[in-house]
Amino acid sequence: TKNAIIIGSGIAGIASAIRLQIKGYSVTVLEKNSYPGGKLSSFELGEYRFDAGPSLFTMPHFIDELFELAGKNPRDYFQYIKHDKSCHYFWDDGTTLEADSDIKKLSKKVSETFQTSEGIIEKKLSKAAHINRVIGDLFLEQSLHQIKNFLNLKTAKAILKIGSLDLHKSLHQANQDDVKHPKLVQLFDRYATYNGSNPYKTPGIMGIIPHYEHNVGTFFPVKGMNSITTSLVKLAEDLGVEFIYNKQVDEILLDATQKRVKGVMINGKCLEANVIVSNMDVYFTYKQLLPKIKSPKKTLSQERSSSAIIFYWGIKNEFPELDLHNIFFTKNYKEEFDAIFQKKTMYNDPTVYINITSKILKSDAPDNSENWFVMVNAPANQEQDWDNLISETRKNIISKINHVLKTNIENLIATEEILDPRSIESKTLSYQGSLYGTSSNSKFAAFLRHPNFKRNIDGLFFVGGSVHPGGGIPLCLLSAKIATSHA
Ligand code: FAD
């Protein structure tokens, strides 16, 4: 039988393992950490459980698809529910919006809160659905690096409709044109951060993102985000995939022709394989694992997505005004993004995201307590003075929360852990600690991501957030689908 080695057990590595095993390969996953999942993992802090990374779960059908492909019932492995609220939004001036996922309810609340004209939300979300119809599968579900994928009717139609996709304006400009009210513009601008980009730079075509949140919906895995990882690892193991932990791959070996993979080097030993899938960040894959191969300079020099500072706080109190997802907006979004992407530093009034899984999964925190995942966007790691920036940011976050919730949150923090761009980089070997690989701050970003295969090396594939089609769980799953379809 043919065998395959997967380097890394991030979500895309696990999905690739499942797909190749189903295709008849004998698959081994080599993971440097002692646990699977990479960014999508969890940990406990005293009596509190935290999901370490992703907190927003959209497009669960891409997960179900893997179980179905294996002939299993997804519900035997993985359960999730649809969440009826998308987010609770808070502004410093006391304005709040409890956004429903349901479009009609959301629309009603928006017009009551902001006195906007009727139908503004419906129009915005139907535009998002339109963008998805025209370019969704074209850009996300296939390779952008094969000419044949462009020589079809769907592409021709998309090109004819290009004018309606807001490609020529920034997301911020498109939102201003569409929803006008500054707070609503801010709300729709925030979707740029779902792939670590800047709404003042990323093209309006990113107006596709609210389609997934509102037209398709937001979901919650009943055992927490980490159960996405654990249930897929269980499926992979049931199919016969072998996972080996605490094993960092040192090099990818090619055969004498230099045109075909031979295996990987690990602790001075060669493990042979017919197919190698790298789920390691593509930047480090070239720099560390393929030192003898000419690396694609332009691709590797693309601007990285934003990173983040996360405070995991066990909170000794309950806040009924908060939900699963909460946002406390900055007073000046433009300045915040300038700080992150131009000045490459932290802004002194950051937008704060608080995720509280114990709102749904009670066992994640002790009685009368909550597990707060408090995240602010940060620049990619370029060796800034993080210790200083973290302590300033912590103060700024606390004063913002205290102001809006009229509390003294610092006294309620029972336990704390911090993740920052440096530790994101070292834990999962993500170049500059970026959350989503390269940024989408240019019209051409989609075409400048590394493809899922390597044209002149047979048997070598690339998956995960740093390659096509991009970061975030759903796109990582699609990278595995595209890559393994070529194997
Ligand atoms: P990664 O998770 O990057 O894992 C790569 C794995 O490979 C790691 O386990 C690493 O140890 C291993 N590895 C690397 N090199 C080697 C080597 N040489 N040998 C062996 N093993 C190696 N996405 C969403 O969809 N929704 C969200 O709400 C969301 N929020 C996020 C919040 C945070 C704080 C972070 C960090 C990310 C968030 N994301 C979110 C993004 C999402 O987590 C990532 O896009 C996705 O999990 C990346 O998966 P991946 O397959 O690229 O692998």
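Residues numbered from 1 in each chain as written. Predicted model: local features only at pLDDT ≥ 70, side-chain atom pairs only at ≥ 80, totals over all residues. Heavy atoms only, no water.

(A) Here's a closer look at the layout of surface pockets. Space inside the second largest pocket adds up to approximately 240 Å³. Considering the residues around the second largest pocket, the lining is formed by 17 residues, among which Trp91, Pro182, Lys183, Gln186 and Lys331 are closest to the centre. Elements with a minimum of two residues in the lining of the second largest pocket: helix H6 (171-179), helix H7 (182-189) and helix H12 (333-343). In terms of residue count, the dominant contributor to the lining of the second largest pocket is H7 (five residues). Here the residues of the lining of the second largest pocket are counted per class, giving five nonpolar, five polar and seven charged. (1 Å grid on protein atoms, 1.4 Å probe; cavity = no way out; pocket = protein on both sides within 12 Å on 5 of 7 lines; lining within 4 Å. Points joined across faces, edges and corners; volume = space filled by probe spheres on them. Helix = DSSP H or I, 4+ residues; strand = E, 2+ residues; numbered from the N terminus. Nonpolar A, V, L, I, M, F, W, Y, C, P; charged D, E, K, R; others polar.)

(B) Molecular detail of the packing of helix H3 (residues 103-114) against helix H4 (residues 120-140). It is at 8 Å that the axes of H3 and H4 come closest, and there the two elements cross at 135 degrees. Regarding the angle of H3 to H4, the classification is oblique. Judged by residue contacts, Ile103, Leu106, Ser107 and Val110 of H3 engage Ile121, Glu122 and Leu125 from H4. The residue inventory of the contact of H3 with H4, partitioned by class, reads five nonpolar, one polar and one charged. (Axes fitted to C-alpha atoms, helices over the stretch in contact; angles between N-to-C directions. Parallel < 35°, antiparallel > 145°, perpendicular 65-115°, else oblique. Contact = heavy atoms within 4.5 Å.)

(C) Quick look at empty space enclosed by the protein. Applying the stated criterion across every chain, the model contains five cavities of 30 Å³ or more. Lining the largest cavity are Ser86, Tyr89, Leu97, Ala99, Leu106, Val110, Ile121, Leu184, Leu187, Phe188, Tyr191 and His214. Elements represented by at least two residues in the lining of the largest cavity include exactly strand S7 (85-90), strand S8 (96-100), H3 and H7. The leading source of residues in the lining of the largest cavity is H7, at three residues. For the lining of the largest cavity, a count of residues per class yields ten nonpolar, two polar and no charged.

(D) Highlighting the pattern of salt bridges. A full pass over the atoms with the stated rule returns 27 salt bridges. When the shortest N-O distance is used, the salt bridge between Glu370 and Lys359 registers 2.7 Å. In this pair, Glu370 is assigned in strand S18 (residues 370-378) and Lys359 in the loop between strand S17 (352-355) and S18, connecting sequence segments eleven residues apart. Close ionic contact of Asp420 with Arg422 constitutes a salt bridge, the shortest N to O distance being 3.1 Å. The partly exposed category is assigned to Arg422, whose relative accessible area is 32%. Overlapping salt bridges bring together Lys124, Lys127, Asp166, Lys169, Asp177 and Asp178 as one network. (Salt bridge = Lys/Arg side-chain N within 4 Å of Asp/Glu carboxyl O. Buried < 20%, exposed > 50% of the residue type's maximum accessible area, 1.4 Å probe, protein only.)

(E) Region of the structure containing the sheet that holds strand S19 (residues 413-419). Pairing is mixed across the open sheet formed by seven strands, whose spatial order is S8-S7-S16-S17-S18-S15-S19. With one partner strand each, in any of the chains shown, S8 and S19 form the two edges of the open sheet. Between one strand axis and the next, the sheet turns by 20 degrees as a mean value, whatever way the strands run. Taken together, the three bridges between S17 and S18 define a ladder with antiparallel strand orientation. Residue pairing for S18: Tyr353 is matched across the bridge by Met375. (Pairing = 2+ DSSP bridges.)

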